[in-house]
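Take a look at the letters that make up each chain.
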Amino acid sequence: MQPDQLVAELLARGDMNDDTTLELNRILNDWRESKLDPDDESYLVALHARMMNLSAEPDEAIGQLPSRLDGLTIEEWRERALRAEAELAQIEEAARNG
């Protein structure tokens, strides 16, 4: 979908705040002048997807996921959460038993 179509659909909702409306119109003007910044285009696509309850293409979304977050993989984060839950359960049990 072209940027002008994305902007039109977003504005047609009627629930954009004034700042967002101004930003969308600026992006539309930049696109019409062939000066649309790639970051603005990415923002527009993401905003449209979020507001219209659409998801990004699966391949694109997967390609953008980091393999590590704060130095840990998703599996390491899961293990850490499970250990924390187990420790919390022990603390709660100890508190109940005095």
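I will try to describe carefully the structure that is included in this document.

### Some words on unusual backbone geometry
In this structure, S34 is a non-glycine residue whose phi angle is positive, near 60°. Relative to the helices and strands, S34 is located in the loop between α2 (18-32) and α3 (38-51).

### Things to note about α3
Because each turn of an α-helix spans 3.6 residues, side chains separated by three or four positions in sequence point in the same direction. When the terminal C-alpha atoms of α3 are compared, their 20 Å separation across 14 residues agrees well with the 20 Å that a helix rising 1.5 Å per residue should span. Buried residues in α3 make contact with α1 (3-12) and α2. Sitting at the head of α3, D37 places a side-chain oxygen 2.7 Å from the backbone nitrogen of D39. Count one or two residues on from α3 and you reach N53, which has phi positive near 55°.

### Comments concerning the pattern of salt bridges
One pass over the full model with this rule turns up six salt bridges. Two residues, R26 and E23, come together in a salt bridge whose shortest N-O distance is 2.5 Å. Here R26 and its partner E23 are both found in helix α2, three residues apart, which amounts to about one turn of the helix. By relative accessible area, which is 28% here, E23 ends up partly exposed. For R26, the salt bridge is made with D40, and the minimal N-O distance between the two is 3.0 Å. Here R26 is found in helix α2, whereas its partner D40 is found in helix α3, with 14 residues between them in sequence. Owing to a relative accessible area of 16%, D40 belongs among the buried residues under this scheme. Connected through salt bridges with shared partners, the residues E23, R26, D30 and D40 form a single ionic network.

Cut-offs and rules
Residues numbered from 1 in each chain as written. Predicted model: local features only at pLDDT ≥ 70, side-chain atom pairs only at ≥ 80, totals over all residues. Heavy atoms only, no water. Helix = DSSP H or I, 4+ residues; strand = E, 2+ residues; numbered from the N terminus. Expected span 1.5 Å × (residues − 1). Contact = heavy atoms within 4.5 Å. Polar contact = N/O pair within 3.5 Å; in protein donor to acceptor, adjacent residues only side chain to side chain. Salt bridge = Lys/Arg side-chain N within 4 Å of Asp/Glu carboxyl O. Buried < 20%, exposed > 50% of the residue type's maximum accessible area, 1.4 Å probe, protein only.

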